[in-house]
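# Secondary and tertiary structure notes
In case you want the letters, here they are:
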Amino acid sequence: MPQIKSAIKRVAIAERNRLRNKAAKSTIRTLMKKFFIQAEAYAAGAEDVNLEQVQASMSAAFSKIDKAAGKGVMHRNTAARRKARLARTLKQAEATAANS
């Protein structure tokens, strides 16, 4: 354990930030999973899922990802990659739904 006052403070700050980052990343993973489930159901032609719901869940995930990248929870390239993955999945689901 650190003995110097500033080092003790840094340990406390690092722990606080770790918990904040953990919560944000967990929320992002949850929102992404929810989106993928809805997109898959939409592509399969489920009646209870429409395009607006899928887009709303993607928008919620985009918002949380952008906030996390802005606060330094995740790197901006990681945020861009995850957003691109969501957009690509939506595009594929729309194409699949249109063909069936």
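Summary of the structure given here. Since the model is a prediction, treat every value here as computed from it, not as a measurement.

Moving on, we come to a positive patch on the surface. Together, Lys-5, Lys-9, Arg-10, Arg-16, Arg-20, Lys-64, Lys-67 and Lys-71 line one region of the surface with positive charge. Here the element with the most residues in the positive patch is helix H1 (residues 5–44); it accounts for five residues. Counting through the fold element by element, Lys-67 comes out in helix H2 (residues 51–70).

The contact between H1 and helix H3 (residues 76–99) brings their axes to 8 Å, and the two run at 15 degrees. Between H1 and H3, the interaxial angle falls into the category roughly parallel. Read as a crossing pair, H1 and H3 show a hand that is left-handed. Note on element contacts: H3 touches H1 through Arg-82, Arg-85, Leu-86, Thr-89, Leu-90, Ala-93, Glu-94, Thr-96 and Ala-97, opposite Ile-28, Met-32, Phe-35, Phe-36, Ala-39, Tyr-42 and Ala-43.

Moving on, we get to the packing of H2 against H3. The geometry of H2 relative to H3 is characterised by a closest axis approach of 9 Å and an angle of 175 degrees between their N-to-C directions. Between H2 and H3, the angle falls in the class roughly antiparallel. Contacts from Leu-51, Val-54, Gln-55, Met-58, Ala-61, Phe-62, Ile-65, Asp-66 and Ala-69 in H2 reach Arg-76, Ala-79, Arg-82, Lys-83, Leu-86, Ala-87, Leu-90 and Glu-94 in H3. A class-by-class count of the residues in the contact of H2 with H3 yields 11 nonpolar, one polar and five charged.

Right, let's talk about the packing of aromatic side chains for a bit. Evaluation of the coordinates by the stated rule reveals one aromatic pair. Across from the ring centre of Phe-62, 5.3 Å away, lies the NZ or CZ of Lys-83, which sits over that ring.

Let us look at the nonpolar core. Membership of the largest hydrophobic core comes to 20 residues, with the highest contact counts inside it found for Ile-28, Phe-35, Val-54, Ile-65, Met-74 and Leu-86. Elements represented by at least two residues in this core include exactly H1, H2 and H3. Considering every element that reaches this core, the biggest residue donor is H1, with eight residues. Residue contacts for Leu-86: discarding those within four places in its chain leaves Met-32, Phe-35, Phe-36, Met-58, Ala-61, Phe-62 and Ile-65.

The end-to-end C-alpha separation of H1 is 59 Å, in line with the 58 Å expected for 40 residues at 1.5 Å each. Packing partners of the buried residues in H1 comprise H2 and H3. Where H1 terminates, the next one or two residues include Gly-45, which has phi positive at roughly 90 degrees.

Let us now look at H3. Under the 1.5 Å per step criterion, the end-to-end length of H3 is 35 Å for 24 residues, consistent within 8% with the ideal 34 Å. Where H3 is concerned, the buried positions are Thr-78, Ala-79, Leu-86, Thr-89, Leu-90 and Ala-93. Those residues of H3 hidden inside the fold are in contact with H1 and H2.

Reading the values: rules and limits
- Sequence order sets the numbering: in each chain, residues are counted from 1 along the sequence as written.
- Predicted model: local features are reported for residues with pLDDT of at least 70 only, side-chain atom pairs are reported and counted for 80 or more only, and whole-chain, interface and lining totals are derived from all residues.
- With hydrogens and water excluded, all non-hydrogen atoms of the structure serve as input to the side-chain values.
- The patches described consist of residues with a relative accessible area above 30% and no salt bridge, like charges being joined within 9 Å and nonpolar side chains (Val, Leu, Ile, Met, Phe, Trp, Tyr) within 5 Å.
- Computed by Shrake-Rupley with a 1.4 Å probe, the accessible areas treat only the displayed protein chains as cover when residues are assessed.
- Counted as salt bridges are all cases of a side-chain nitrogen of Lys or Arg within 4 Å of a carboxyl oxygen of Asp or Glu.
- The positive count covers Lys and Arg only, the negative count covers Asp and Glu only, and His and the chain ends enter neither.
- Charged groups are reduced to one reference atom each: NZ for lysine, CZ for arginine, CG for aspartic acid, CD for glutamic acid.
- Helix numbering and strand numbering both begin at the N terminus, where a helix is a DSSP run of H or I of at least 4 residues and a strand a DSSP run of E of at least 2.
- With axes taken as lines fitted to C-alpha atoms, and helix axes fitted only over the stretch in contact, angles between N-to-C directions fall between 0 and 180 degrees.
- Roughly parallel means an angle under 35 degrees; roughly antiparallel means over 145; roughly perpendicular covers 65 to 115; every other angle is labelled oblique.
- Left-handed is the label given to a crossing in which the near helix is rotated counterclockwise from the far helix by less than a right angle, and right-handed is the label when the rotation is clockwise.
- Any two residues whose heavy atoms approach within 4.5 Å are treated as being in contact.
- As a working rule, the residues Ala, Val, Leu, Ile, Met, Phe, Trp, Tyr, Cys and Pro are called nonpolar, Asp, Glu, Lys and Arg charged, and the rest polar, with Gly in that last group.
- Each aromatic pair joins two rings of Phe, Tyr and Trp (for Trp, the six-membered one) with centres within 6.5 Å, and gets the label stacked for planes under 30 degrees apart, edge-to-face for over 60, and tilted for any other angle.
- By the criterion adopted, a ring carries a charge over it if an Arg CZ or a Lys NZ lies within 6 Å of its centre and within 35 degrees of its normal.
- Residues belong to a common nonpolar core when they are buried Ala, Val, Leu, Ile, Met, Phe, Trp, Tyr or Cys residues joined through side-chain atoms within 4.5 Å.
- Exposure classes here rest on a 1.4 Å probe applied to the protein chains alone. A residue is buried below 20% of its type maximum, exposed above 50%, and partly exposed in between.
- To estimate how far a helix should extend, the number of its residues minus one is multiplied by 1.5 Å.

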